[in-house]
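Overview (structure and organization)
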Amino acid sequence: GPQVEPDPSKKTLVVLGTGWGSVSLLKKLDTEHYNVIVISPRNYFLFTPLLPSCTTGLIEHRSIMEPIRTILRHKKANVKFYEAEASSVDPERKVVRVLDTSEIRGDVIETEIPYDMLVVGVGAENATFGIPGVREHTCFLKEIGDAQRIRKKIMDCVETAAFKGQSQEEIDRLLHMVVVGGGPTGVEFAGELQDFFEEDIKKLIPDIADRFRVTLIEALPNVLPSFSKQLIEYTESTFKEEKIDIMTKTMVKKVTDKTVEAEISKPDGSREKITLPYGLLVWATGNAVRPVVKDLMDRIPAQKDSRRGLAVNEYLVVQGTRDIWAVGDCAVAGYAPTAQVASQEGNFLAGLFNNMARTEVLEQRVRELSGSLNLQPGNAAEISKEIEEHERQLRRIKDIKPFHYSHQGSLAYIGSEKAVADVSWFNGNLASGGSLTFLFWRSAYLSMCFSTRNRLLVINDWVKSKLFGRDVSRE
Ligand code: FAD
Ligand code: NAD
């Protein structure tokens, strides 16, 4: 479309990121009140809850992506999108420095974008704790590229294990899939992997099938620390049936190209060092702060005691600033770093900004009316009435409640068409695990899936995989 120049009478609202937090904000925001600019290295929204299913091809990756330009096209007023990374934010000068990090670059690859209001929704990066070998040899599971890499590697390991003359020892190594981190990401991935093996690999390559093994390594005494005790037990016993090996109280210390070295804490307090050969290693040990967020925290004195991200107040304003807000995994508001929290925060901010804009319009109108009161004494009664009405409206919308998170429950898929759910309904608590929960899990995600298009694509993938098996061709 035509280039639309920013309206100088409106404030410029810059939004960083196109994840759960930022996109929920953009969906609900009345964009006509602001000059909205969105900056993200990723020109699509990613539906992360179904990302583990992409690693085995159960779901094709494009089914869970939605182009940001499609989302923005439906907004009332023009919104600008720049595919770029924010490299730093200067809260004094109120500018964001942005960098084009994509493959194709033009003459201009770096520039500054001024803001009046800024929302930081850049998410988090993968924690490695500086453990040697993690960056070089393991796969993360956060972005689409990660899932595609894992999908290719699984099949590469399988095909290489099936290579003529491969030794028994090497077959065992290649077919040993290790997952580090027993949070929901690691657990869901291990479950998907075991399904892939049971439903497809076993049938397609029966001669090496009995050598395929999945091991899940967790430093704490149990997996899924955020779930209830009953569901932890259910998950651990299901994994036992699925023949997924869980190694708890085991801390990974080092990774090489073919082995993972860990330390097991024994009940008597002693420690044992072990070395496990692997074919594929997926690293899922949680979140770390992104450099751009760290840099911004260093520039704001009030953030000096914050470690895990930008500390925000109950209106999601970054502490120590007046015109910067933060949502999602990069914000520390006292909640878990989940999509559920991020999307509610984005929603809240949209409401807040819509309100702020409406307040300004009403206040402007009250000023105008008050001015005309002196000029038109004949209409005084009428004008006063109108002013009163506006002020009543103002009082109502100015009374904005702080952000309040409403927990809808936790859900995780654990393989063999089973899922675990901690859900609170009607103030009662329901902890359930099993196949019915799995159906609930699927329908919950379908109803959460963003567009009708995504919903249809995901259903299509599920049906296709059920009827014809997963597509194991290695692109
Ligand atoms: P993200 O969704 O990560 O988005 C961050 C955005 O910022 C991205 O668009 C990124 O490209 C962009 N960005 C990065 N760097 C920059 C930069 N320098 N400048 C500008 N933009 C930048 N949560 C649940 O509640 N339920 C689930 O079932 C669930 N399943 C998950 C499964 C997996 C495999 C993973 C990895 C996570 C899952 N989560 C789930 C957690 C959930 O995905 C995150 O909490 C959520 O994505 C956080 O939203 P966000 O907007 O803060 O960040
Ligand atoms: P996590 O932080 O929840 O779990 C990481 C696990 O790795 C921890 O249990 C930790 O003890 C372990 N660990 C860390 N270092 C280790 C080491 N050296 N050796 C062995 N184990 C080690 O991370 P996650 O699973 O990626 O989840 C991140 C966030 O996303 C969480 O808030 C989670 O709730 C959310 N999420 C939710 C879902 C869901 O609801 N279905 C799915 C995925 C992610």
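Data block above holds the structure.
Everything numeric in this text was worked out from a predicted model, so none of it was measured.

The rules behind each value
- Residues numbered from 1 in each chain as written.
- Chains lettered and ligands numbered in written order.
- Predicted model: local features only at pLDDT ≥ 70, side-chain atom pairs only at ≥ 80, totals over all residues.
- Heavy atoms only, no water.
- Helix = DSSP H or I, 4+ residues; strand = E, 2+ residues; numbered from the N terminus.
- Buried < 20%, exposed > 50% of the residue type's maximum accessible area, 1.4 Å probe, protein only.
- Contact = heavy atoms within 4.5 Å.
- Areas by Shrake-Rupley, 256 points an atom, 1.4 Å probe, with all protein chains shown as cover.
- Near = heavy atom within 4 Å.
- Polar contact = N/O pair within 3.5 Å; in protein donor to acceptor, adjacent residues only side chain to side chain.
- Axes fitted to C-alpha atoms, helices over the stretch in contact; angles between N-to-C directions.
- Parallel < 35°, antiparallel > 145°, perpendicular 65-115°, else oblique.
- Left-handed = near helix turned anticlockwise from the far one by under 90°.
- Salt bridge = Lys/Arg side-chain N within 4 Å of Asp/Glu carboxyl O.
- Pairing = 2+ DSSP bridges.

Looking only at helices and strands, the protein chain has 13 helices and 24 strands in total. On the principal axes, the C-alpha backbone points of the protein chain span a range of 100 × 55 × 50 Å. Counting the 475 residues in the protein chain, one finds 49% classified as buried. Counting only contacts in the protein chain whose residues sit at least 6 apart along the sequence, the fraction spanning at least 24 positions is 64%. Here the protein chain displays about 24,200 Å² of accessible surface, and carbon together with sulfur accounts for 52% of that area.

Around ligand 2, the structure places 25 residues, and the nearest of them are Thr 185, Glu 218, Val 252, Pro 337 and Leu 411. Between Ala 219 and ligand 2, the recorded distance is 3.1 Å, taken from a backbone N or O atom to a nitrogen atom. One nitrogen or oxygen atom from the main chain of Leu 411 is found 2.7 Å from a nitrogen atom belonging to ligand 2. For ligand 2, whose accessible area on its own is 840 Å², the fraction buried by protein is 77%. At the level of elements, helix 7 (184-204), strand 14 (250-255) and strand 22 (410-415) are the ones that each hand at least two residues to the shell around ligand 2.

Below, the discussion takes up the packing of helix 12 (residues 435-448) against helix 13 (residues 452-468). One can describe the packing of helix 12 onto helix 13 by two numbers: an axis separation of 9 Å at closest approach and a directional angle of 150 degrees. Our classification of the angle between helix 12 and helix 13 gives roughly antiparallel. Relative to helix 13, helix 12 is oriented so that their crossing is right-handed. Residues Trp 441, Arg 442, Leu 446 and Ser 447 of helix 12 form the contact with helix 13, whose participating residues are Arg 455, Val 458, Ile 459 and Trp 462.

Another point: the pattern of salt bridges. The full count for this structure, using the stated rule, is 29 salt bridges. Taking the shortest distance from any N to any O, the salt bridge between Glu 360 and Lys 11 comes out at 4.0 Å. Of this pair, Glu 360 sits in helix 10 (residues 339-375) while Lys 11 sits in strand 1 (residues 11-16), placing them 349 residues apart in sequence. One salt-bridge network, held together by shared partners, links Asp 90, Arg 93, Arg 97, Glu 110 and Glu 112.

Summarising the element assignment, Lys 418 is placed in strand 23 (residues 418-425). Overall, the relative accessible area of 18% leaves Lys 418 in the buried class. In this structure, Lys 418 is in contact with Tyr 234, Thr 238, Glu 241, Tyr 413, Gly 434, Ser 435 and Phe 438, ignoring residues within four places of it in sequence.

With that settled, the discussion passes to the sheet that holds strand 11 (residues 176-180). Taken in spatial order, the four strands make up an open sheet running 13-12-11-17, and their pairing is parallel. Across the chains shown, the open sheet's two edge strands, defined by having one partner strand only, are strand 13 (244-247) and strand 17 (280-283). The sheet shows a mean angle of 15 degrees between the axes of neighbouring strands, taken without regard to direction. Where strand 11 and strand 12 (residues 213-217) come together, five bridges link them in parallel fashion. Looking at strand 12, one finds that Val 178 is bridged to Thr 215. Each of strand 11 and strand 17 is contacted by helix 5 (residues 144-161), which is oriented at about 155 degrees to strand 17, the strand it contacts most. Docked against the sheet, helix 7 engages strand 11, strand 12, strand 13 and strand 17, running at close to 175 degrees with respect to strand 12.

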